[in-house]
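One-letter residues, chain by chain:
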Amino acid sequence: MDFSERIGERFKLMNRDEIRAWQSERLAITVKQAAKSPWYKAKFAEMGLNPEDIKSCDDIKKLPLTTKEDLRLSYPDKMLAVDKSEIVRLHTSSGTTGKPTAIFHTAQDIQNWAELMARSINLSGATDKDVLQNMSGYGMFTGGLGIHFGGERLGMMMIPAGPGNTPRHLMLIRDFGVTAIHATPSYAMHVADEMISNGEDPKALGLKYAFLGAEPYTEAMRLRLQELYGFKVYNSYGLSEMNGPGVAMECTYQNGMHIWEDSYIVEVINPETLEDVPEGEIGELVLTPIRRMGMPIIRYRTRDLTRIIPGKCECGLEHRRLARFVGRSDDMLIVRGVNIFPSRIEQVLMAEEWLGGNYVLHLTREDGKMDVMTIRVELAKDAMSGSVDVLKNRKAELGRKIKDAAGFTAIIELVEPGSLPVSMGKAKRVIDERDIF
Amino acid sequence: MYNEVQVFAENKSGKLAKVAGVLGNAGINIINFQIADVGQFGAFKILTADPDKTAQVLRDAGMVVALNPVTVVEIADKPGALVALGNALTDAGVNVLDAYGCLLEKGERAIFVVHGDKADLAEKAAKSAGFTTLSEL
């Protein structure tokens with residue numbers, strides 16, 4: 001057996017019974033460890049909870065939920081459960097929705113994370129023979145060092161290229177036989193657009209694997225990227241509070257992301273009632289890391305909305321699969337009283353070949369009037385054939401499709417390719433200028 | 001048949017200057033230029049002697065460009081010259097989507113550009129009525 005296939009095999013190949021027994025054992029240890037931190041010590045005392053009473057997974061509902069706000073309140077180190085001398089690394093979250101939060105790792109935590117990440121990369125079929133170019137920012141963002149350590153653990157040659165500078169990325173890919181990339185989907189799309197407008201074919205790069213994440217994107221966008229580059233796109237999921245990348249990853253069947261249940265206990269709850277939703281239904285993902293000792297977090301509310309895909313995956317792994325995320329419980333938009341996730345709009349836009357990959361949703365409301373959503377979307381280079389009337393008709397047709405998908409009429413503005421701002425990191429797709437709070 | 005160059009244009013200032021600049025720098029002379037407005041955006045419709053080159057330089061400048069097949073009919077620059085052409089198009093059942101005229105030599109020659117719903121039909125109708133259609137300008 002190939003060296004790279006053996007990484008984390010003991011955990012990777014666990015069946016449901018083994019996962020359950022292991023989770024119970026680890027949960028008990030994790031709760032005792034958490035009780036060493038000032039935050040959970042106070043929290044458990046306040047609830048009258050004795051950590052010794054947590055003996056198995058069945059006891060998890062006795063434990064408190066932890067929110068992003070709790071992490072902010074515990075800043076900088078109230079959730080730290082070991083002596084600072086045992087800590088080897090600090091990461092902070094990207095601060096997508098506010099102030100950053102600090103996460104500490106021991107040497108063993110970092111090793112476990114690297115093993116999870118290596119296992120995740122390997123799930124795509126990539127091995128130590130592959131060369132992975134990491135286009136994430138290195139620094140506090142976990143997509144840099146997290147992916148990097150995982151790739152090295154797998155034995156790949158890692159190229160820590162970092163974000164931006166497209167010509168340099170292309171040079172490295174060509175000169176060093178890169179077979180895999182890690183990037184945000186919007187950046188991968190930007191590079192393809194740029195190559196095509198220079199008369200180059202992204203397929204000629206010879207890339208085989210793309211690990212894309214850090215921002216939501218639709219299945220339509222994945223299919224488009226796969227077609228443009230000729231590589232396979234593997235969805236990955238991670239968040240800095242749960243280490244970073246490597247929490248869940250797709251296998252070669254590309255039908256949901258296997259979440260590593262030897263390392264995380266998964267709950268899917270109704271964000272209003274906080275009760276479990278039936279398996280297979282959409283709810284908020286709640287995770288408890290059970291192998292991290294430096295800074296345990298109990299029942300973390302991720303705000304990410306998803307569902308468990310029922311049944312076994314054809315690949316044979318028994319770690320359950322998360323379906324494509326439908327949004328965050330805090331990024332759902334309410335427009336004219338209608339609930340809509342930006343991803344629903346993106347789906348419609350991505351299905352139109354005459355449109356480019358870049359768009360912005362602009363929300364405004366004049367005093368006493370209804371909300372207005374303006375969708376500004378870039379045209380593809382060859383959007384127009386023959387007369388401008390063709391474009392006029394396509395725009396009208398698009399308007400009808402958006403209305404069907406969203407339930408309200410949006411203003412559509414077609415703009416020239418390259419005229420919307422390009423983001424190197426997480427794309428800012430929604431600009432909400434309504435004064436509604 | 002002839003190709004009219006159409007350029008996508010957002011309805012905002014500076015667009016005309018940009019297109020004119022690109023064509024000027026490429027040494028392309030404009031025979032006729034007009035703007036079609038369909039609301040939030042519109043299109044410039046440009047006639048030049050070399051439509052392919054015109055389209056290429058505008059594309060290279062990052063614009064969305066298309067070639068639209070039109071019939072260019074030579075007519076005399078005198079009152080009533082258009083009547084016979086109008087009749088010919090009507091008799092042939094051509095539905096005119098867009099049309100415009102421009103002068104080549106004052107008092108002598110003008111051209112009338114027709115974008116019909118069926119491109120070949122307008123061309124044939126003009127020819128059979130004795131008009132000359134141009135494939136070079």
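For clarity, every value in this text was computed on a predicted model and none was experimentally measured.

Turning our eyes to something else, we now look at the environment of M157(A). Residue and element names in this part refer to chain A. For M157, the position within the fold is in strand 4 (residues 157-159). Under the relative-accessibility criterion, M157 is labelled partly exposed at 41%. Considered as a pair, M157 and L132 are 25 residues apart in the sequence and their alpha carbons are 6.3 Å apart. Apart from residues no more than four positions distant in its own chain, M157 is found in contact with D130, V131, L132 and F176.

What follows concerns the side chain of R291(A). Residue and element names in this part refer to chain A. Along the chain, R291 turns up in the loop between strand 11 (283-289) and strand 12 (300-306). For R291, a relative accessible area of 11% gives the class buried. Here E115 takes part through its side chain, which lies 3.2 Å from a polar atom of the side chain of R291. Separated by 3.3 Å, the side chains of R291 and S263 make a polar contact.

Before going further, it helps to spend a moment on unusual backbone geometry. Residues and elements named next belong to chain A. In this structure, the amide linkage connecting Y75 to the following residue, P76, adopts the cis form with an omega of 0°. Along the chain, P76 falls in the loop between helix 4 (68-73) and strand 1 (87-92). Phi angles above zero are rare outside glycine, and Q254 is one such case at about 50°. Counting through the fold element by element, Q254 comes out in the loop between strand 8 (248-250) and strand 9 (257-259). The exposure class of Q254 is buried, given its relative accessible area of 18%. The backbone of L274 shows a phi angle near 65°, a positive value even though the residue is not glycine. Inspection of the secondary structure puts L274 in the loop between strand 10 (264-269) and strand 11. Note on L274: relative accessible area 35%, which makes it partly exposed.

With that settled, the discussion passes to the sheet that holds strand 9 of chain A. Residue and element names in this part refer to chain A. One open sheet accounts for 9 strands, arranged 4-3-5-6-7-8-9-14-13; its pairing is mixed. Strand pairing shows two members of the sheet lacking a second neighbour, strand 4 and strand 13 (308-309), which therefore form its edges. Relative to strand 5 (residues 180-183), strand 3 (residues 131-134) runs parallel, the two being bridged by 3 bridges. Its bridge partner lying in strand 5, L132 is registered against A180.

With that out of the way, let us pick up the domain arrangement of chain B. Residues and elements named next belong to chain B. Looking at chain B, the domain boundaries give domain 1 (2-68) and domain 2 (70-133). Taking the mean C-alpha position of each, domain 1 and domain 2 sit 23 Å from one another. The partner domain 2 presents 8 residues to the 8 residues of domain 1 that form the contact. If you sort the residues of domain 1 by the area they bury against domain 2, Y2, L47 and N68 come out on top, with a joint share of 47%. At the junction of domain 1 with domain 2, the criterion picks out 1 salt bridge. Residue K45 is joined to D98 by a salt bridge in which the shortest nitrogen-to-oxygen separation is 2.5 Å. Where domain 1 touches domain 2, the interface holds 5 residue pairs in polar contact (both at pLDDT 80 or more). Of all the secondary-structure elements, those providing two or more residues to the side of domain 1 that touches domain 2 are strand 1 (2-10), strand 2 (30-37) and strand 3 (41-48). Residue contributions to the side of domain 1 that touches domain 2 peak at 3 residues, all from strand 2. Its residues assigned to classes, the side of domain 1 that touches domain 2 shows 3 nonpolar, 3 polar and 2 charged.

Turning our attention to the domain arrangement of chain A. Partitioning chain A into domains gives domain 1 (1-329) and domain 2 (333-432). Computed from C-alpha atoms alone, the centre-to-centre distance between domain 1 of chain A and domain 2 of chain A is 31 Å.

Here we come to the confidence of the model for chain B. Overall, the prediction assigns chain B a mean pLDDT of 91, with 99% of residues at 70 or greater. Per-element averaging of pLDDT across chain B places helix 4 (residues 119-128) of chain B at the bottom with 87 and helix 2 (residues 51-60) of chain B at the top with 95.

Okay, the side chain of E123(B) next. Residue and element names in this part refer to chain B. Relative to the helices and strands, E123 is located in helix 4. Among the polar contacts made by the side chain of E123, one reaches the side chain of T133 at a distance of 2.9 Å. For E123, the residues in contact, after removing those within four places along its chain, are M1, T71 and T133.

Now for the pairing of strand 12 of chain A. Residues and elements named next belong to chain A. Of all 7 residues in strand 12, 6 are buried; the element is thus mostly enclosed. As defined by bridge partners, strand 11 adjoins strand 12 across 4 bridges and the pair is classed as antiparallel. Bridged to L287 within strand 12 is Y300. Of the pairings in the sheet, the one linking strand 12 to strand 15 (residues 327-328) comprises 2 bridges and is antiparallel in character. Its bridge partner lying in strand 15, D304 is registered against R328.

Reading guide: rules and limits
- Residues numbered from 1 in each chain as written.
- Chains lettered and ligands numbered in written order.
- Predicted model: local features only at pLDDT ≥ 70, side-chain atom pairs only at ≥ 80, totals over all residues.
- Heavy atoms only, no water.
- Helix = DSSP H or I, 4+ residues; strand = E, 2+ residues; numbered from the N terminus.
- Buried < 20%, exposed > 50% of the residue type's maximum accessible area, 1.4 Å probe, protein only.
- Contact = heavy atoms within 4.5 Å.
- Polar contact = N/O pair within 3.5 Å; in protein donor to acceptor, adjacent residues only side chain to side chain.
- Pairing = 2+ DSSP bridges.
- Domains from an automatic or database assignment.
- Buried area = accessible area lost by both parts, 1.4 Å probe.
- Salt bridge = Lys/Arg side-chain N within 4 Å of Asp/Glu carboxyl O.
- Nonpolar A, V, L, I, M, F, W, Y, C, P; charged D, E, K, R; others polar.
- pLDDT = per-residue confidence, 0-100.

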